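# Inside the fold
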Amino acid sequence: MHTLEVDFFNRSALDVAPDLLGAVLLCEGAAGAVAVRLTEVEAYLGEADPASHAYRGLTSRNWPMFGPPGHLYVYLSHGVHRCLNLVCGPDGTASGVLLRSGRVIDGVELARSRRPTAKADSGLASGPGNLGRVIGIGIEHSGAALAEHRAGLSVSIILPRERQASIMSGPRVGVSGEGGTSAYPWRFWVRDEPTVSRYRADAGRKAVAS
DNA sequence: TTAACGATTCGCT
DNA sequence: GCGAATCGTTAAA
């Protein structure tokens, strides 16, 4: 990992999240490489954020979030879906950005083989569980650094030159309780991108240009 | 040791 | 649009 990337992630997740849109996630493994251009992300602010996994402090699952920026935090949702976060902020704080969706721009064939039920290519990496699946990530990669080779896979990122046009923001998805569903507009996505997840439709969701 | 709950997905209506 | 599947993680007993 380069110092440029460490600096990029050593900020508030709220600043990092929109800047990540347009970045390319490059995942290289024995089976081949898959590249995904990010189109949808969510910020989680750690111990101060009721919706964050880090809200109740350090556990055996969320420990990477408390570590240095630019590392991976992978968790299992509903026991099966592997979701990838990029840790933000200085070592000791627990914020991060959940990578929710992206467009597969390289390695489409490999991605399709990992998602045989996907219909359109735009849906290959739509939704955090699906994104984790097409890049072949697993729980064993939680805690690894960007560009670190681990368990036959390395995940690196190519940062965008400039901020994407047409960034939208709105409530986070699937989070409940106080600070949950509609409390904060900490979900960011690229407008008019078909790869952005729909999750129970966008009904009633307020979108704001960002 | 046990019970409850998801930072979700997919299929069916 | 709705509801079930599904199992690791967490917190409580």
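What you see is a predicted model, and the numbers here were worked out from it, not measured in a lab. (Residues numbered from 1 in each chain as written. Chains lettered and ligands numbered in written order. Predicted model: local features only at pLDDT ≥ 70, side-chain atom pairs only at ≥ 80, totals over all residues.)

Check the secondary structure of chain A and you find 4 helices and 10 strands. A globule of 210 residues ought to have a C-alpha radius of gyration of about 17 Å, and chain A, at 16 Å, matches this closely. Across its three principal axes, chain A shows a C-alpha extent of roughly 40 × 35 × 35 Å. Counting all 210 residues of chain A, 46% fall into the buried class. (Helix = DSSP H or I, 4+ residues; strand = E, 2+ residues; numbered from the N terminus. Rg over C-alpha atoms; globule rule 2.2 N^0.38 Å. Buried ≥ 20, exposed ≤ 12 C-beta atoms within 10 Å, placed from the backbone.)

The next subject is the protein's contact with DNA strand B. Surrounding DNA strand B, one finds 22 residues, the nearest of these being Ser77, Leu98, Gly127, Gly129 and Gly174. For the surface near DNA strand B, a count of residues per class yields 7 nonpolar, 15 polar and no charged. (Near = placed C-beta within 6 Å. Nonpolar A, V, L, I, M, F, W, Y, C, P; charged D, E, K, R; others polar.)

What follows deals with the environment of glutamate 47. With respect to the helices and strands, the residue glutamate 47 is situated in the loop between strand 2 (32-44) and strand 3 (72-77). Residues glutamate 47 and alanine 94, 47 residues apart in the sequence, show an inter-C-alpha distance of 6.6 Å. Those residues in contact with glutamate 47 that sit more than four places away from it in its chain are Ala54, Tyr55, Gly57 and Ala94. (Contact = placed C-beta atoms within 7 Å.)

Turning our eyes to something else, we now look at the environment of proline 90. Positionally, proline 90 belongs in the loop between strand 4 (81-88) and strand 5 (95-106). Taking C-alpha positions, proline 90 is 7.8 Å from glycine 67, a pair spaced 23 residues apart along the chain.

With that settled, the discussion passes to the pairing of strand 7 (residues 153-158). Inspection of the sheet shows strand 1 (residues 24-29) paired to strand 7 by 6 bridges, in the antiparallel sense. By the bridge assignment, cysteine 27 is partnered in strand 7 with valine 155. As paired strands, strand 6 (residues 149-150) and strand 7 are joined by 2 bridges and run antiparallel to one another. Within strand 7, the residue paired with arginine 150 across the bridge is leucine 153. A loop of 2 residues connects strand 6 with strand 7, the two strands running antiparallel in sequence, and alanine 151 in this loop sits at a positive phi of about 50°. (Pairing = 2+ DSSP bridges.)

In terms of strand pairing, strand 8 (residues 167-170) meets strand 9 (residues 187-190) through 4 bridges, oriented antiparallel. Its bridge partner being in strand 9, serine 169 is matched across the sheet by phenylalanine 188. The sheet contact formed by strand 8 and strand 10 (residues 208-209) spans 2 bridges and is antiparallel. Residue pairing across strands places methionine 168 opposite alanine 209, the latter belonging to strand 10.

Judged by nonpolar contacts, the single largest core of 55 residues is most densely connected at Leu25, Val36, Val41, Val97 and Leu99. The element best represented in this core is strand 2, accounting for 7 residues. Apart from residues no more than four positions distant in its own chain, valine 41 is found in contact with Ala17, Leu20, Leu21, Val97, Leu98, Leu99, Arg100 and Phe188. (Core = buried A, V, L, I, M, F, W, Y, C linked by C-beta atoms within 7 Å.)

Turning our eyes to something else, we now look at helix 2 (residues 13-20). Most of helix 2 sits out of view: 6 of its 8 residues are buried. When we look at burial in helix 2, the residues that qualify are Ala13, Val16, Ala17, Pro18, Asp19 and Leu20. Residues of helix 2 that are buried make contact with helix 1 (3-9), strand 2, strand 4, strand 5, strand 8 and strand 9. One or two positions beyond helix 2, positive phi appears at glycine 22, with a value near 95°.

This part covers the environment of valine 36. The topology assignment puts valine 36 in strand 2. Here the alpha-carbon distance between valine 36 and alanine 125, two residues 89 residues apart in the chain, equals 7.9 Å. Setting aside anything within four residues of it in sequence, one finds valine 36 in contact with Val24, Leu25, Gly102, Arg103, Val104, Ile105, Ala125, Leu131 and Ile135.

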